[in-house]
Amino acid sequence: MSLSRDAATNIANVLTEALPYIQQFIGKTIVVKFGGNAMVDDDLKQQFARDIVLMKLVGMNPVVVHGGGPQIGSLLERLNIESHFVDGMRVTDSQTMDVVEMVLGGAVNKEIVNLLNNIGGKAVGITGKDGHLIQAKKMTVNHQTPEMTAPEIIDIGHVGEVEKINTGILDTLINSDFIPVIAPIGVGADGGSYNINADLVAGKMAEVLKAEKLMLLTNIAGLMNKQGEVLTGLSTPQVDSLIADGTIYGGMLPKIGCALSAVKAGVNSAHIIDGRVPHAVLLEIFTDVGVGTKITNQN
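Residues numbered from 1 in each chain as written. Predicted model: local features only at pLDDT ≥ 70, side-chain atom pairs only at ≥ 80, totals over all residues. Heavy atoms only, no water.

- An unreviewed UniProt entry lists the chain under the name Acetylglutamate kinase, with Dasania phycosphaerae as the source organism.
- For the chain, the Subcellular location (unreviewed entry) comment in UniProt is given as "Cytoplasm".
- Recorded in UniProt for the chain, the comment headed Function (unreviewed entry) runs: "Catalyzes the ATP-dependent phosphorylation of N-acetyl-L-glutamate." (UniProt positions renumbered as here; feature names shortened; annotations may be inferred.)

## A word on the UniProt feature "site: Transition state stabilizer" (unreviewed entry) in the chain
Thinking step 1. As annotated by UniProt and renumbered to match this structure, "site: Transition state stabilizer" (unreviewed entry) occupies K33 and K255. Spanning 223 residues, the named residues form one tight spatial group whose C-alpha atoms are at most 10.9 Å apart.
Thinking step 2. Among the secondary structure elements, K33 is positioned in strand β1 (residues 29-34).
Thinking step 3. Every residue in contact with K33, bar those within four places of it in the chain, is listed here: V65, G67, A198, D199, A202, M215, L216, L217 and K255. (Helix = DSSP H or I, 4+ residues; strand = E, 2+ residues; numbered from the N terminus. Contact = heavy atoms within 4.5 Å.)

## Description of the packing of aromatic side chains
Thinking step 1. Tallied over the full model, the rule gives one aromatic pair.
Thinking step 2. Residue placement shows K122 over the ring face of F178; its charged tip is 4.5 Å from the ring centre. (Phe/Tyr/Trp six-rings, centres within 6.5 Å; stacked < 30°, edge-to-face > 60°. Lys NZ or Arg CZ within 6 Å of the ring centre and 35° of its normal.)

## A look at the sheet that holds strand β5 (residues 123-127)
Thinking step 1. Sheet architecture is open: eight strands sit in the order β5-β8-β2-β1-β11-β13-β14-β12, paired in mixed fashion. Two strands lie at the open edges of the sheet, namely β5 and β12 (234-235), each paired on one side alone.
Thinking step 2. Pairing analysis gives five bridges linking strand β13 (residues 269-274) to strand β14 (residues 292-296), with the strands arranged antiparallel. Paired with I273 across the bridge in β14 is G292.
Thinking step 3. Against the sheet, helix α8 (residues 252-264) contacts β1, β11 (213-218), β13 and β14, and its axis sits at roughly 170° relative to β11. (Pairing = 2+ DSSP bridges. Axes fitted to C-alpha atoms, helices over the stretch in contact; angles between N-to-C directions.)

## Thoughts on the nonpolar core
The tendency in soluble globular proteins is for nonpolar side chains to be buried as a group.
Thinking step 1. In this structure, L116, V281 and I285 are the most contacted members of the largest nonpolar core, which totals 43 residues.
Thinking step 2. Of all the secondary structure elements, the ones that give two or more residues to this core are α1 (5-25), β1, α2 (42-57), α3 (69-78), α4 (94-118), β8 (179-183), β11 and α9 (280-286).
Thinking step 3. Look past the residues within four positions of V281 in its chain and what remains in contact with it is V32, F48, D51, M55, M215, L217 and I273.
Thinking step 4. Among the nonpolar cores identified, the runner-up in size contains 41 residues, and L170, I174, Y194 and L223 belong to it. (Core = buried A, V, L, I, M, F, W, Y, C linked by side-chain atoms within 4.5 Å. Buried < 20%, exposed > 50% of the residue type's maximum accessible area, 1.4 Å probe, protein only.)

## A closer look at the pattern of salt bridges
Thinking step 1. Counted by the stated rule, this structure contains nine salt bridges.
Thinking step 2. Here E111 and K45 are joined by a salt bridge, their closest N and O atoms 2.6 Å apart. Taken together, the residues E111 in helix α4 and K45 in helix α2 connect sequence positions 66 residues apart.
Thinking step 3. Residue classification places E111 among the partly exposed residues on the basis of a relative accessible area of 34%.
Thinking step 4. Given a relative accessible area of 10%, K45 falls into the buried group. (Salt bridge = Lys/Arg side-chain N within 4 Å of Asp/Glu carboxyl O.)

Okay, structure coming up:
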């Protein structure tokens, strides 16, 4: 079917706008955390896969880190394993950890790899246990309620934080034109498995790979002020001020914290983007407008 003149002109305009961004980011590493609605909506999953494959085809080096909380919760429910959360983190006993590994390292990881490969990409799925990619240590939570005089230290099981990332396996994959797809499961010094927040893993990956960009897909339009307007073009001091005055609070704090850490460690920019928007990744990279909040270390 032939295109109308208006449609063809629109495509030409889009390509022209994208050209300087393509030139700027050729050869650069971009770490993308895949999660939220974009992971469960079939159309958004296909669009995400096309975005990532196109990035690779035009010379960028995308690295995908994925979550899988809803899928884990669904399987735990089917297995009649009750879930408990402390400060938003899933308490992960040995039985739950088995399910986490099955879902993240198996079903979800392989689905993403398959999506990318089916449209012409060369994707390889790995967990943080492969090649000791992600060395982890146990996380404990200091929990305090208003009526408590001192915080309570809570053991939340096989929940970890990143201690070290060994980039050798990623360098090999990237240099061989593969797209790494990483499940956020780390390995401890004792060989045990740890479930790690995917945002934290993506942030640390961006830091050690000296990435050009860190992109975190979310289920919101971006970082918003108290009037509900999306904020972008923020410097790290501005973000620190927004945390101090309470504009950024609650569940947004960990995500913003990992973006801030990455930028302060040398990542050129971090982006909190709306994964509910079709082709959100391409829109944020290749257009002047973007679809979320951009944070840089520039004043």
